[in-house]
Structures are given as C-alpha cells and as structure tokens.
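Reading the structure
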Amino acid sequence: MRTIDQTTDEVLDLAAKHFKVKRESLAPTDDFFKKLGIDSLQALEMLTRLEHHFGIELPDYEMQGVSDFRTLAGRIQARLQ
Amino acid sequence: MVELELHRAPGNEIGLEMLEELEQFTNELDTFSREASALIIHSSLPAIFSAGADLRELYRGALPLDAAARVAGIREFLHRIHAVLNALDDTPLTTIAAVHGVCFGGGFELALTCDLIIADKMARFCFPELRLGLIPGFGGIPRLRRDLGNAVVRDLLLTGRSINAQKASGVGLVSQLAAEGEALRLARATAEQVIKFDRTTSAAAKRFLKPIPFEELRREIDLFCELSTKPAVMEGLRRFVESTDALPYLP
C-alpha cells in the first residue's frame, strides 16, 4: 500500500510528464488547475491518466475544487485497493 | 462500408447545423443500406467524439423567447433529432461508433444508437444534464436502459460523473477497447468482419435483438419539455455558457 507521500509523488510525476513541465517546478501544495493552467479537455485527460495509473475510478467531482496536489493525492489514496 | 465523420469544431456540438447535416445523412440511409452492410460513426476532431447538444446555441436562441415559445422550439428540435437517431438505431446496416475522447450528453446518445461501441482507452462517457435541471433529451435514458442494467443508468445519471472506457467496457457499454488513437482502425477491422455475413440475416438478427423503445422515447421528450420550463434551467445554461471552470459540466 502506498503512503500519501508516495501517491503525491506519483501524481506530481504524472502531471509533469503529461503537461511537459519540469518535475522540480511542481510542489505538493501547488494549486493543481492554476499551476498547470489546464482547460476542460486537459482536466479530463488528466483524470483518465490518473485512473489508469492508479487502477481506480476517480469521479469528476473528486477533482472539482481540489486546491492542491496533495489533496488530490488524498482523494486518490482513499480509493486505492 | 459507409463512414460518417463528425467534424464541427470546437466540440462536434449538436446544434441546428449539425442536425441538418445528420438529417441529410439519414435521408440517404436507405440508399446506403442497399449498397453497404456497415456504418462507422467517428470524429476527426482531436480528443472529442462529441461534447453533446450545443448549449451555447440553445441559450442564445432561448434568451429572447417567452416560456411557451422556448418549449415549442425545444420540442421541435427534439422531434427532429429523435427522428435522426431513431433512423440510425433502426437502419439495417451494422453500426459501429468509434469513440475517442469526450463522449458527453447528446454525443453519448448518438453513440448509443450504434450496435457496437469501440472506444479509445482515453474516451470518457457522461450524462451531465442534471446539472442544468434537465434529463438527457436525445433518447439517452431509454437506449441506455435497453442496453444496460438500471443501476448503471442511475449511477451515470444521478451523479453526473464521467466514466472511462475501461469502466464502460466492464459494464457492457463498450464492446472493444482500443489503444490511444486506434479506435477508428479497430472499427474498420470490425466492419470488415461484419460485412462478410449475409446482409439480410444481419439485419433480421438486429431487428430481433434491438427494439426501439418508442413509447419511452416519446415520454422522454415530454419530460424534457416539462423540466425545461423551470427557471433554474436558463440559470444553469447561463452559468455553463459563462463558465471558465476546468470542469464546466459539473454543477
């Protein structure tokens, strides 16, 4: 079972890779939507990639209003088997 | 085989122009079904099969009208799109939706008319209509209920969440999963297979298996029109049209 820190790291790795930003430029407390400047299509793509990577279902409303990567990681963590 | 390519930027939204083009296409379905055995519906836009009904057009069109005229306009549009979707559902051609990216609302309802859905692993399916105080209006509930268990329909409808292709495959909505960018290729390979069968036999099997739920479809139009008179609907449409949120389809 992953720890919340491991999950957060994997979310940051995935975001850096998918949005082609430097991994070092992303921090767990960064605002997910603002930092990446993502639009609605990119948000859905990210959601799908997170679901594939972690092998979970992550309903859209779990991403809605997420303030930072760590919070998002927490919501993913709650669905890990 | 025949291919129907959706290509209306930005999101293959189904508004009046798309409706007219679909009507032209379905007017030719009888001719196609004499000459072909399979139909593939796909999108040539990146990351989108169809975002659904054109809500911006709906909002702008409805704004200057009084309530009675709004409902009359909506009812007329629904009757026309239902005629198109019923024709696609009912055609003797074996129909395949090759879906990638966003397949939401009316776009999802278009895919649901097809006999098979082949989906890219990045596809997402969603019925977000409840956020506007509405239900799907293009035959979504009757067709989804015909094809899947009621519990799946309730989950999609009552939460408004989107599901990915893998989940959609798990519940029996998607017949084949494709790698990224490969849905159309797989759809064509499948069409090559289905056209090997005798056309009249395939058509007879389809007629036997896939009844069109006309009565429920009629009731859906009535319910949609009834719900559309609520003031919250125009407010929901305004919020959507003006939204800059990354998840604008959520309430």
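In short, a report on the structure. (Residues numbered from 1 in each chain as written. Chains lettered and ligands numbered in written order. Predicted model: local features only at pLDDT ≥ 70, side-chain atom pairs only at ≥ 80, totals over all residues.)

1. Let's talk about the overall build of chain B
- Across its full length, chain B carries 12 helices and nine strands.
- For 251 residues, the compact-globule estimate of 2.2 N^0.38 gives 18 Å, and the C-alpha radius of gyration of chain B, at 17 Å, lies within 12% of that figure.
- If you line up chain B on its principal axes, its C-alpha atoms span 55 × 35 × 35 Å.
- Sequence-distant contacts, at least 24 apart, represent 80% of the contacts inside chain B between residues at least 6 apart. (Helix = DSSP H or I, 4+ residues; strand = E, 2+ residues; numbered from the N terminus. Rg over C-alpha atoms; globule rule 2.2 N^0.38 Å. Contact = placed C-beta atoms within 7 Å.)

2. Description of the overall build of chain A
- For chain A, the helix and strand inventory stands at five helices and zero strands.
- When the helices and strands of chain A are read in sequence order from the N terminus, they spell out α-α-α-α-α.
- With the C-alpha coordinates of chain A rotated into their principal frame, the extents come out at 30 × 25 × 20 Å.
- Residue pairs at least 24 apart in sequence account for 58% of intrachain contacts in chain A once pairs closer than 6 positions are excluded.

3. Brief notes about the sheet that holds strand 4 (residues 94-99) of chain B
All names here are of chain B.
- Strand order in the open sheet made by the five strands is 1-2-4-6-9, with parallel pairing throughout. Looking at strand neighbours, the two that pair on one side only are strand 1 (2-6) and strand 9 (176-178), the edges of this open sheet. Shown here is a sheet whose adjacent strand axes are inclined to one another by a mean of 20°, direction ignored.
- For strand 4 and strand 6 (residues 116-120), the ladder comprises four bridges, and the chain directions are parallel. Residue Val99 lies in a different strand from strand 6, and its bridge partner there is Ala119. (Pairing = 2+ DSSP bridges. Axes fitted to C-alpha atoms, helices over the stretch in contact; angles between N-to-C directions.)

4. Structural notes on the packing of helix 6 (residues 140-147) of chain B against helix 7 (residues 150-159) of chain B
All names here are of chain B.
- For the pair helix 6 and helix 7, the least separation of the axes is 8 Å and the interaxial angle reads 145°. As helix 6 packs across helix 7, the resulting crossing turns out to be right-handed. On helix 7, the residues that touch Ile141, Leu144 and Arg145 of helix 6 are Asn150, Val153 and Leu157.
- Looking at the contact of helix 6 with helix 7 residue by residue, the classes come out as four nonpolar, one polar and one charged. (Left-handed = near helix turned anticlockwise from the far one by under 90°. Nonpolar A, V, L, I, M, F, W, Y, C, P; charged D, E, K, R; others polar.)

5. What about the sheet that holds strand 3 (residues 48-50) of chain B?
Residues and elements named next belong to chain B.
- Spatially, the four strands line up as an open sheet ordered 3-5-7-8, and their pairing is mixed. Both edges of this open sheet fall to strand 3 and strand 8 (162-164), since each of them pairs with a single strand only. Geometrically, the sheet is characterised by an average inter-axis angle of 20° between neighbouring strands, direction not taken into account.

6. Focus on helix 4 (residues 67-90) of chain B
- Spanning 24 residues, helix 4 of chain B covers 34 Å between terminal C-alpha atoms, matching the ideal 34 Å at 1.5 Å per step.
- The complete set of buried residues in helix 4 of chain B reads Arg70(B), Ile74(B), Phe77(B), Leu78(B), Ile81(B), His82(B), Val84(B), Leu85(B), Leu88(B) and Asp89(B). (Expected span 1.5 Å × (residues − 1). Buried ≥ 20, exposed ≤ 12 C-beta atoms within 10 Å, placed from the backbone.)

7. Notes on the nonpolar core
Residue and element names in this part refer to chain B.
- Ile96, Ala98, Val99, Cys103, Ala111, Ile117 and Ala119 are the most contacted members of the largest nonpolar core, which has 83 residues in total.
- A total of seven residues in this core trace back to one element, the largest contributor, which is helix 4.
- With near-sequence residues (within four places) excluded, Ala119 lies in contact with Val99, Ala165, Ala168, Val174, Leu177, Ala178 and Ala183. (Core = buried A, V, L, I, M, F, W, Y, C linked by C-beta atoms within 7 Å.)

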